[in-house]
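Architecture and fold: a report
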Amino acid sequence: MSIALQTLWHERSRYLGGVLSVTFAAVLIALQCGLLLGLFKITSIPIDNTTADIWVGSTAVKSVDLGKPIPTSYITRIAGLPGVEMPEQYIANFATLTKPSGGTELCFLLGSVLDEGAAGAATMLTQEQRVALTLPDAIIMDESKIEEFKLNTSGGKAKINGKEVTVVGTVKGLKSLAAPWVFCSLYTARHLMGFMLPPDHVSYFLARCESPARAKEVAEELRKQYGNDMMAYTAEEFSTGSRVYWLLRTKAGVAIGFAALLGLFVGAVITAQTLYSATRANAKEFAILLALGIPRWRISIMVLMQSFWVGIAGLVMAIPVCFGLWYLARQFNADVDFRWEVLVGTTVVTMGMAVIAGFFALRSVRQIEPMDLLR
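These remarks concern the structure in this document. Numbering of residues starts from 1 in every chain and runs along the sequence as written. The predicted nature of this model means local features are confined to residues of pLDDT at least 70 and side-chain atom pairs, given and counted, to a pLDDT of 80 or more, with totals for whole chains, interfaces and linings taken over all residues. As a rule here, side-chain values come from all non-hydrogen atoms in the structure, and water together with hydrogens is ignored.

With that settled, the discussion passes to the overall build of the protein. Helix and strand assignments follow DSSP, with helices taken as H or I runs no shorter than four residues and strands as E runs no shorter than two, numbered in order from the N terminus. Of regular secondary structure, the protein possesses 13 helices and 12 strands. For the protein, the residues scored as buried account for 47% of the 375 residues in total. Any two residues having at least one pair of non-hydrogen atoms within 4.5 Å are treated as being in contact. Long-range pairs, those at least 24 residues apart, make up 80% of the contacts in the protein with a sequence separation of at least 6. We call a residue buried when its accessible area falls under 20% of the maximum for its residue type, exposed when it is over 50%, and partly exposed in between, using a 1.4 Å probe and counting protein chains only.

On to the packing of aromatic side chains, then. Working definition: rings of Phe, Tyr and Trp (its six-membered ring) pair if their centres are within 6.5 Å, and the pair is stacked with planes under 30 degrees apart, edge-to-face with planes over 60 apart, and tilted otherwise. Considering all chains together, one arrives at 11 aromatic pairs under this definition. Linked through ring pairs, W55, Y90, Y204, Y233 and F238 together constitute an aromatic cluster. Charges are assigned to positions over rings by a cutoff of 6 Å between ring centre and Lys NZ or Arg CZ, combined with an angular limit of 35 degrees from the ring normal. For R77, the ring lying beneath its charged end belongs to Y74, and the centroid distance is 4.0 Å.

This next bit is on the side chain of T72. Residue placement: T72 occurs in the loop between β2 (70–71) and α4 (75–78). T72 has contacts with Q89, D200, H201, V202 and F205, leaving out every residue within four places of it along the chain.

As a further point, take the nonpolar core. We define the nonpolar core as a collection of buried residues of types Ala, Val, Leu, Ile, Met, Phe, Trp, Tyr and Cys that are connected through side-chain atoms lying within 4.5 Å of one another. Within the largest apolar cluster, 39 residues are counted, with the highest numbers of intra-cluster contacts made by V56, L109, M141, I160, F205 and L222. It is helix α8 (residues 212–226) that contributes the most residues to this core, five residues altogether. Apart from the residues lying within four places of it in its own chain, the contact partners of M141 are L97, I146, F149, L151, G169, T170, V171, P180, W181 and V182. The next biggest cluster of nonpolar side chains, apart from the first, holds 29 residues, and it includes V61, L110, L114 and L125.

Below, the discussion takes up the pairing of strand β12 (residues 231–234). Taken residue by residue, a regular strand's side chains alternate between the two faces of the sheet. Alternating residues of β12 divide into M231 and Y233 and A232 and T234, and every residue in both groups is buried. Paired strands are those between which DSSP finds at least two bridges. Pairing geometry for strand β1 (residues 54–57) and β12, over four bridges, is antiparallel. Looking across to β12, one finds that V56 is bridged to A232.

To continue, consider the layout of surface pockets. Empty space among the atoms becomes apparent when a probe as large as a water molecule is rolled across them. Cavity means a closed set of points on a 1 Å grid over the protein atoms alone, one where a 1.4 Å probe fits but cannot get out, pocket means an open set with protein on both sides within 12 Å along at least 5 of 7 lines, and lining means a residue has an atom within 4 Å of a point. Grid points are joined across faces, edges and corners, and a volume is the space filled by probe spheres set on the points. Its volume calculated, the largest pocket comes out at about 430 Å³. Contributing to the lining of the largest pocket are 16 residues, with G38, I42, G173, K175 and D335 lying nearest its centre. Elements supplying a minimum of two residues to the lining of the largest pocket: α2 (12–40), α3 (45–48) and α12 (296–331). If one sorts the elements of the lining of the largest pocket by residue count, α2 sits on top with three residues. For this scheme, ten residues count as nonpolar: Ala, Val, Leu, Ile, Met, Phe, Trp, Tyr, Cys and Pro. Four count as charged, namely Asp, Glu, Lys and Arg, and the remainder, Gly too, count as polar. The residue makeup of the lining of the largest pocket, split by class, is seven nonpolar, four polar and five charged.

This brings us to the pattern of salt bridges. For this document, the term salt bridge refers to a Lys or Arg side-chain nitrogen within 4 Å of an Asp or Glu carboxyl oxygen. In the structure shown here, the tally under the stated rule is seven salt bridges. Residues R243 and D48 are paired through a salt bridge, measuring 2.9 Å at the closest nitrogen-oxygen approach. Pair noted here: R243 is in helix α9 (residues 235–250) and D48 is in helix α3, with a separation of 195 residues, a long-range link. Given the relative accessible area of 19%, R243 is considered buried. Residue E105 is joined to K99 by a salt bridge in which the shortest nitrogen-to-oxygen separation is 3.6 Å. Exposure remark for E105: the relative accessible area of 29% places this residue in the partly exposed category. Judged by relative accessible area, K99 falls into the buried class, the value being 18%.

A patch consists of residues whose relative accessible area exceeds 30% and which take part in no salt bridge; residues with like charges are grouped when within 9 Å of each other, and nonpolar side chains (Val, Leu, Ile, Met, Phe, Trp, Tyr) when within 5 Å. Here the accessible surface of atoms and residues is derived via Shrake-Rupley with a 1.4 Å probe, and residues count as covered only by protein chains that are part of the display. A cluster of nonpolar residues, F24, F258, L262, F265, V266, V269 and I270, forms a patch on the protein surface that exposes about 670 Å² of accessible area. Among the elements that make up the nonpolar patch, the one with the highest residue count is helix α10 (residues 252–281) (six residues). Summarising the element assignment, F258 is placed in helix α10. Judged by relative accessible area, F258 falls into the exposed class, the value being 58%.

Below, the discussion takes up empty space enclosed by the protein. Tallied over the entire structure, the rule returns two cavities of 30 Å³ or more. Taken as a whole, the largest cavity spans an internal volume of roughly 90 Å³. As for the largest cavity, its lining consists of I42, T43, D65, F94, F108, S176, L177, A178, A179, W181 and W246. For the lining of the largest cavity, the class distribution of residues is eight nonpolar, two polar and one charged. Here the second largest cavity defines a volume of roughly 50 Å³.

Here we take up α9. Multiply 1.5 Å by the residue count of a helix minus one, and that product is the helix's expected span. Given a rise of 1.5 Å per residue, 16 residues ought to cover 22 Å, and the 23 Å separating the end C-alpha atoms of α9 matches this to within 8%. Within α9, burial applies to A235, F238, S239, S242, R243, Y245 and W246. Each buried residue of α9 sits inside an arc of 155° when the element is viewed along its axis, so together they form one side. Structural note: α9 exposes E236 and L248 on the side pointing more than 90 degrees away from its buried face. On its buried face, α9 is in contact with α2, α3, β1, β11 (204–207) and β12. K251, located one to two residues past α9, shows a positive phi value of around 65°. Directions drawn from the helix axis to the C-beta atoms are what define this arc.

Next up on the list: the state of the cysteines. Should the sulfur atoms of two cysteines be covalently bonded, the bond is a disulfide. Counting rule for disulfides: a pair of cysteine sulfur atoms within 2.5 Å. Inspection of every chain in the model, using the stated rule, returns zero disulfides. There is no disulfide at C184, and the cysteine sulfur nearest it, in C107, is 9.0 Å away. On the accessibility criterion, C184 (1% relative accessible area) is buried.

Written out as structure tokens, the structure is:
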């Protein structure tokens, strides 16, 4: 290890190409995965911004925006369970928004109980905004959509499903993949949906539990007992399921994964070629070691150690680059999710690439013979 490090430092200009290729591959993998996770966090915004531990909806709900109406009478199946607070009704449904200037857009209504401490009330809403939403047909949307749909003009009010609505506030960062999210009260959501939502039906029941462990037990119990009529998930399960569903449906994961794989392949090829060229350049020194009786396998281990340290150096250089790009992305309101799983996965994959490149470089070691010194 000592000789490998000294060799790398002494001939650092020769190994620089390999280090930069590892850096490039690591940055590309981390950034692509972070962008992918950040993009699909949008699909679970209604789940992640509530304090509910349990979500109960129709059977086979793959995403929060695909729930079908279920009877309000099902609430008795959840109420009274040990360690579970009183469930709340929640309406989540697509609707048609008519802009004041004309034209229509699809939106997604999120109607919840707005009382202080309610499990379904969005955590991003202030107390003042919750109070404002109690007004008839009051809504809150992301500020970017207010400007895009021209809802802040004096030309008239917007309509949802043909009924006039009043924008009583805005939030920031409430992005969506398809239809924009629209917060409102449970009463407003039911009024706006009208005949599109059957009487005495809701989209979900939400409840808090005494602990995350109890939430898992309750969800499992409800699935076993009422799986034919409704489905229960913990908030974490439902959030993850919504993201995975949209990831697979849109094929974005395939496209981004292919780009990351391409970067990994390019990095591996450049690193392998760099190590091979550096090993061939040191052929005379290695031939002397062989002539002195040093086993060839020890020289091979030294080459592999060089590839290992090239990987380490590349990762060290990649860290500030990744977080610099993360900061830059935030300035443009792009969410790059650098969770620890992404960073650990990037490290493992990148180091594996560097070591494999070292194995490819070993073919130059096999070509070195002590007789080369006489040429």
